[in-house]
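This is what each chain is made of:
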Amino acid sequence: MASETPRIDPCEVAHTQSPVFRIIAQVKGQPSESSLILSSPSEGNEMITLSDVKVSLNKHFEIDSWHEFICRSSDTGETGFLVLDSVPCILKENEQVSVDGIVALQRLAKQFPEIF
């Protein structure tokens, strides 16, 4: 299952060959019920802003919350994509997400897709 829905780096969204993929990102905004602005970590501790994100869920996302998003690539070849589902990354009080950890997980997922 993991190899069928690979976890990708945000820089790969526009040219991924997989029709369905996973991405870990922080919600930065929800301009409308059907769209999101996300920020996702990439190589070199760079946070990539993804602003053309459509949402199929009728759900309000908390700003600055972290999620693993299950997404569908755009059929039209555009850089945008559709969120099919999301799993919140629940953190205890005073806990933070490790950006280095997310980037390392993305690298490991490429090397061992059957595990991650």
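Here the structure is a predicted model, which is why all the values come from computation and not from measurement. (Residues numbered from 1 in each chain as written. Predicted model: local features only at pLDDT ≥ 70, side-chain atom pairs only at ≥ 80, totals over all residues. Heavy atoms only, no water.)

A. Structural context of the confidence of the model for the protein. Of the residues in the protein, 91% reach a pLDDT of 70 or more, and the chain-wide mean stands at 84. Looking over the protein, one finds the lowest element-wise mean pLDDT in helix H1 (residues 99-111), namely 81, and the highest in strand S1 (residues 20-32), namely 93. (pLDDT = per-residue confidence, 0-100. Helix = DSSP H or I, 4+ residues; strand = E, 2+ residues; numbered from the N terminus.)

B. Up close: unusual backbone geometry. For Asp-64, which is not a glycine, the phi torsion comes out positive at approximately 75°. Along the polypeptide, Asp-64 turns up in the loop between strand S3 (46-55) and strand S4 (66-73). Although it is not a glycine, Asn-94 sits at a positive phi angle of roughly 70°. Inspection of the secondary structure puts Asn-94 in the loop between strand S5 (81-88) and H1. Overall, Asn-94 belongs to the exposed group, its relative accessible area being 75%. (Buried < 20%, exposed > 50% of the residue type's maximum accessible area, 1.4 Å probe, protein only.)

C. Main features of the side chain of Ser-42. Within the element layout of this structure, Ser-42 appears in strand S2 (residues 35-42). Residue Ser-42 is classed as buried on the basis of its relative accessible area of 3%. A distance of 2.8 Å separates a polar atom in the side chain of Ser-42 from a polar atom in the side chain of Asp-9. (Polar contact = N/O pair within 3.5 Å; in protein donor to acceptor, adjacent residues only side chain to side chain.)

D. Representation of the pairing of S1 within the structure. Where S1 and S4 come together, seven bridges link them in antiparallel fashion. By the bridge assignment for S4, Ala-25 is matched with His-67. In sequence, S1 turns back onto S2 through a hairpin of two residues. (Pairing = 2+ DSSP bridges.)

E. Structural view of the nonpolar core. In this structure, Leu-36, Leu-38, Phe-69 and Phe-81 are the most contacted members of the largest nonpolar core, which totals 18 residues. Elements supplying a minimum of two residues to this core: S1, S2, S3, S4 and S5. Sequence-distant contacts of Phe-69, defined by excluding residues within four places in its chain, comprise Phe-21, Arg-22, Ile-23, Ala-25, Val-27, Leu-36, Leu-38, Phe-61, Val-83, Asp-85 and Ser-86. (Core = buried A, V, L, I, M, F, W, Y, C linked by side-chain atoms within 4.5 Å. Contact = heavy atoms within 4.5 Å.)

F. Just the environment of Pro-41, in detail. The residue Pro-41 is located in strand S2 in this model. In this structure, the C-alpha to C-alpha distance between Pro-41 and Asp-100, residues 59 residues apart in sequence, is 8.1 Å. Excluding residues within four positions of it along the chain, Pro-41 makes contact with Asp-9, Pro-10, Ile-24, Glu-46, Met-47, Trp-66, Val-99, Ile-102, Val-103 and Gln-106.

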